[in-house]
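# Survey of secondary and tertiary structure
Each chain, written out:
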Amino acid sequence: MDLTGFRAALGDIPIEDHPKLVQQKSRDHYWYSPILKAQLDQVTADLVVMPRSVEDVVTVLAAAYKFDVPITPRGAGTGNYGQAMPLAGGAMLDLKNMDKVLEIKPDRVRAEAGAIMVKMDEETKAAVGAELRFHPSTYRMATIGGFIAGGSGGIGSVRWGGLRNLGNILGLKIVTCEETPRVLDIAGADIMKLAHAYGTNGIIVEAEMPLAPAYDWVEVVVGFDEFLDSCRYAEALAGQDGILLKEISPVAAPVPYDYFGRYRDFLRQDQSVVLIMVAPNSVDALTLFTSHHGGEILHRSDVNDLDAAGRKLPPIYEFTWNHTTLRGLKIDSTITYLQTQYPTLEHLEKIHRMLGDEMPMHIEMTRFDGRIVFSGLPIVRYTGEERLEEIIRLHEENGCLVFNPHRYTLEEGGMKQTDRAQLAFKKEADPKGLLNPGKMIAWDDPDFDFDSGRVWLFAGLAEQA
Ligand code: FAD
């Protein structure tokens, strides 16, 4: 890597090389995992480059190719599997200066990759009364490029599924890392080569996303004495075709009372809850449905949006998805979490009874290939890596899926196998392997045996230690 040549080739493109600031930008939310924290704490880039346009990105990637400088793209750095950690040093490519919404139509929006999702929605709501179909709970920080490259789904996925579903990303513009970088418009099936690839096979510079009608979503908290009753209710509610919902999340006691401080005055410690976002025109139907299912409405944002101290409550989506864990970590830094999927309520019940309070349940109801499933982000009272592995095994032996959030590679995080299409595209778009090195096992170690039970460690990490 020739950093001097690289810097000289950047011209007037803004850079940052103060070691403290570079280290800050070399971090994402990897510390969420005690395992990733231990592995990745020392990782840092050599400098940060902040392109302002597609032309700037082309210049940076041509220079990276010429001077063998690894490039790790970064949106807002809210990814929580170490996706945006520069394992081989080099340059962070910070997309924050490319944050414009470029075009709005009634059914779609096109924006630069660094656009913050909440800001995109502000613009589309004002222009055409529409919003993104779904967003992560980091909506107020995360970028659209980072979501597509590193995320999966979120608030709205109960209706629309996730990023992996055809139709949820309409088009991408990307830049390749070659001697002469190409700017490519990606559409149709090719989109999936780039989505959830952690930026290993191309830098996304623009994205076109479909829109859904925008609502002033009403936030509702429904209480149940028994967690499994809350799940039964949530599943039945998700199947109600006439009730327009954006979020349904059952959370087991004592998580809501112990970790959701601002809501504590509405809750009892032994109460499990379902966190809901519903369209205003469906609130009456939701109320009726809830009374038929023995739920107790504990809170409605259209009746009261203040906490007991008279302060405005944070949006309820910031208690769902990975924010549930974040709320927990603020109170008890020893906890961690898993990402799971329970095909049926019976699967969920079995694991819940087996693990009890060692793994307080947190479920996100999501639409998965047309079916409503229980996607889990359960809290785990962490006692060590060995026990965590045992809990994962218990899930798998009982027919439940685990997408391990304690691994930084694309493969180990969920697929447990190589995505041939992503790898083939990387060979074309990044022949020197400079884009986010160490995240795609198949590139560095095509013979890695996923059945060996061994954890893969990127060689560049050892060099930095
Ligand atoms: P970053 O973290 O900056 O990047 C994510 C990945 O994409 C990295 O590999 C990075 O290298 C790559 N990348 C970034 N920009 C580009 C680009 N322009 N081109 C190519 N590659 C790029 N995720 C969900 O899916 N759903 C959730 O509900 C959710 N909730 C979360 C809650 C909390 C509290 C936290 C900490 C994380 C959560 N996440 C969730 C993970 C993360 O916040 C989201 O996936 C988010 O969309 C990532 O966006 P970002 O801009 O922060 O991306």
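Values in this document were obtained by computation on a predicted structure and should not be read as measured data. (Residues numbered from 1 in each chain as written. Predicted model: local features only at pLDDT ≥ 70, side-chain atom pairs only at ≥ 80, totals over all residues. Heavy atoms only, no water.)

### Regarding the sheet that holds strand β17 (residues 363-368)
Either a parallel or an antiparallel arrangement is found when strands of a sheet pair, and the pairing is made through backbone hydrogen bonds. Across the sheet, which stays open at both edges, the four strands sit in the order β17-β18-β16-β20 with antiparallel pairing between neighbours. Strands at the two margins of the open sheet, each flanked by one partner only, are β17 and β20 (401-402). Bridge analysis of β17 against strand β18 (residues 371-376) gives six bridges, and the strand direction is antiparallel. Across the sheet, the residue bridging to Thr366 is Val373, located in β18. (Pairing = 2+ DSSP bridges. Helix = DSSP H or I, 4+ residues; strand = E, 2+ residues; numbered from the N terminus.)

### Concerning the sheet that holds strand β12 (residues 245-251)
As summarised here, the arrangement of the four strands in space is β12-β13-β11-β14, forming an open sheet in which the pairing is antiparallel. Bordering the open sheet on either side are β12 and β14 (296-300), each of which pairs with just one other strand. The average angle at which neighbouring strand axes cross in this sheet is 20 degrees, direction not considered. The sheet contact formed by β12 and strand β13 (residues 272-278) spans six bridges and is antiparallel. Along β13, the bridge assignment pairs Glu247 with Met277. The sheet contacts of helix α9 (residues 227-238) involve β11 (218-224), β12 and β13, and relative to β12 the element is tilted by about 165 degrees. Across the sheet, helix α11 (residues 283-292) is in contact with β11, β13 and β14; its angle to β14 comes to roughly 150 degrees. (Axes fitted to C-alpha atoms, helices over the stretch in contact; angles between N-to-C directions. Contact = heavy atoms within 4.5 Å.)

### Observations regarding unusual backbone geometry
Cis geometry marks the peptide bond from Ala253 to Pro254; its omega dihedral reads 5 degrees. With respect to the helices and strands, the residue Pro254 is situated in the loop between β12 and α10 (255-259). Even without being a glycine, Tyr198 presents a positive backbone phi close to 55 degrees. As for its position among the elements, Tyr198 is in the loop between α8 (191-194) and β10 (203-213). Positive phi is not limited to glycine here, since Asn436 has a value of about 45 degrees. Tracing the chain through its elements places Asn436 in the loop between α16 (420-429) and α17 (441-444).

### Considering the pattern of salt bridges
Under the defined criterion, the tally for this structure stands at 31 salt bridges. Of the charged contacts, one joins Lys100 and Glu112 as a salt bridge, the two residues approaching to 3.4 Å between their closest N and O atoms. Here the residue Lys100 occupies a position in the loop between β4 (91-94) and β5 (101-105), and Glu112 occupies one in strand β6 (residues 108-112), the gap between them amounting to 12 residues. A salt bridge links Asp302 to Arg300; the nearest nitrogen and oxygen atoms lie 2.8 Å apart. (Salt bridge = Lys/Arg side-chain N within 4 Å of Asp/Glu carboxyl O.)

### Quick look at the nonpolar core
Counting 75 residues, the largest nonpolar core has Leu40, Met120, Ile148 and Leu172 as its most contacted members. Here this core gathers at least three residues from each of two domains, domain 1 (1-214 + 417-465) and domain 2 (218-402). If we ignore the near neighbours within four places in the chain, the residues touching Met120 are Val101, Val109, Ala111, Ala115, Leu132 and Ile144. Ile35, Ile351, Met365 and Val380 belong to the second largest nonpolar core, which has 41 residues in total. (Core = buried A, V, L, I, M, F, W, Y, C linked by side-chain atoms within 4.5 Å. Buried < 20%, exposed > 50% of the residue type's maximum accessible area, 1.4 Å probe, protein only. Domains from an automatic or database assignment.)

### Points about the site of the ligand
Among the 37 residues in the neighbourhood of the ligand, the closest are listed as Pro73, Gly75, Thr78, Thr143 and Gly153. Asn436 places a polar side-chain atom, nitrogen or oxygen, 3.5 Å from an oxygen atom of the ligand. The protein chains hide 98% of the 980 Å² of surface that the ligand would expose on its own. The set of elements that each furnish at least two residues to the shell around the ligand consists of β3 (71-74), α6 (144-150), β10 and α12 (322-331). In terms of residue count, α6 provides more of the shell around the ligand than any other element does, five residues in total. (Near = heavy atom within 4 Å. Polar contact = N/O pair within 3.5 Å; in protein donor to acceptor, adjacent residues only side chain to side chain. Areas by Shrake-Rupley, 256 points an atom, 1.4 Å probe, with all protein chains shown as cover.)

### Describing the environment of Leu345
Mapped onto the secondary structure, Leu345 falls in helix α13 (residues 345-355). On a C-alpha basis, the gap between Leu345 and Phe147 in space is 29 Å, while along the polypeptide they are 198 residues apart. Leaving out residues up to four positions away in the same chain, Leu345 has contacts with Leu228, Cys231, Arg232, Glu235 and Phe374.

### Re the packing of aromatic side chains
What characterises a pair of aromatic rings is the spacing of the ring centres plus the angle enclosed by the ring planes. The tally for this structure, following the rule as stated, stands at 12 aromatic pairs. Ring geometry for Phe224 and Tyr233: centres 5.0 Å apart, planes at 50 degrees, overall tilted. When its relative accessible area of 4% is taken as the criterion, Phe224 is described as buried. Ring-pair connections join several aromatic residues into one group, and the members of that group are Phe260, Tyr263, Phe266 and Phe319. Of note, Arg164 hangs over the ring of Phe368, and the distance from its end group to the ring centre comes to 4.4 Å. (Phe/Tyr/Trp six-rings, centres within 6.5 Å; stacked < 30°, edge-to-face > 60°. Lys NZ or Arg CZ within 6 Å of the ring centre and 35° of its normal.)

### Looking at the domain arrangement of the chain
Assigned domains of the chain: these are domain 1 (1-214 + 417-465) and domain 2 (218-402). Distance between the C-alpha centres of domain 1 and domain 2: 30 Å. Contact with domain 2 buries area across many residues of domain 1, yet Tyr32, Ser137 and Val158 alone supply 32% of it, more than any other trio. Where domain 1 touches domain 2, the interface holds three salt bridges. As a salt-bridge pair, Arg140 and Glu318 come within 2.7 Å of each other at their nearest N and O atoms. (Buried area = accessible area lost by both parts, 1.4 Å probe.)

### Quick notes on the packing of α9 against α13
Packing of α9 against α13 brings their axes to within 11 Å, and their N-to-C directions diverge by 160 degrees. In terms of their interaxial angle, α9 and α13 are classed as roughly antiparallel. Pair α9 / α13 crosses with right-handed handedness. Within the contact between the two elements, α9 uses Phe227, Leu228, Cys231, Arg232 and Glu235 and α13 uses Leu345, Leu348, Glu349, His352 and Arg353. Its residues assigned to classes, the contact of α9 with α13 shows five nonpolar, one polar and four charged. (Parallel < 35°, antiparallel > 145°, perpendicular 65-115°, else oblique. Left-handed = near helix turned anticlockwise from the far one by under 90°. Nonpolar A, V, L, I, M, F, W, Y, C, P; charged D, E, K, R; others polar.)

### Considering the packing of α9 against α11
Following both chains from N to C, one finds α9 and α11 inclined at 140 degrees, their axes separated by 11 Å at the closest point. Judged on the interaxial angle alone, α11 and α9 are oblique. Between α9 and α11 lies a crossing whose hand is right-handed. Seen from α9, the contacting residues are Tyr233, Ala236 and Leu237; seen from α11, they are Leu286, Phe289 and Thr290. When the residues that make up the contact of α9 with α11 are grouped by side-chain class, the tally is five nonpolar, one polar and no charged.

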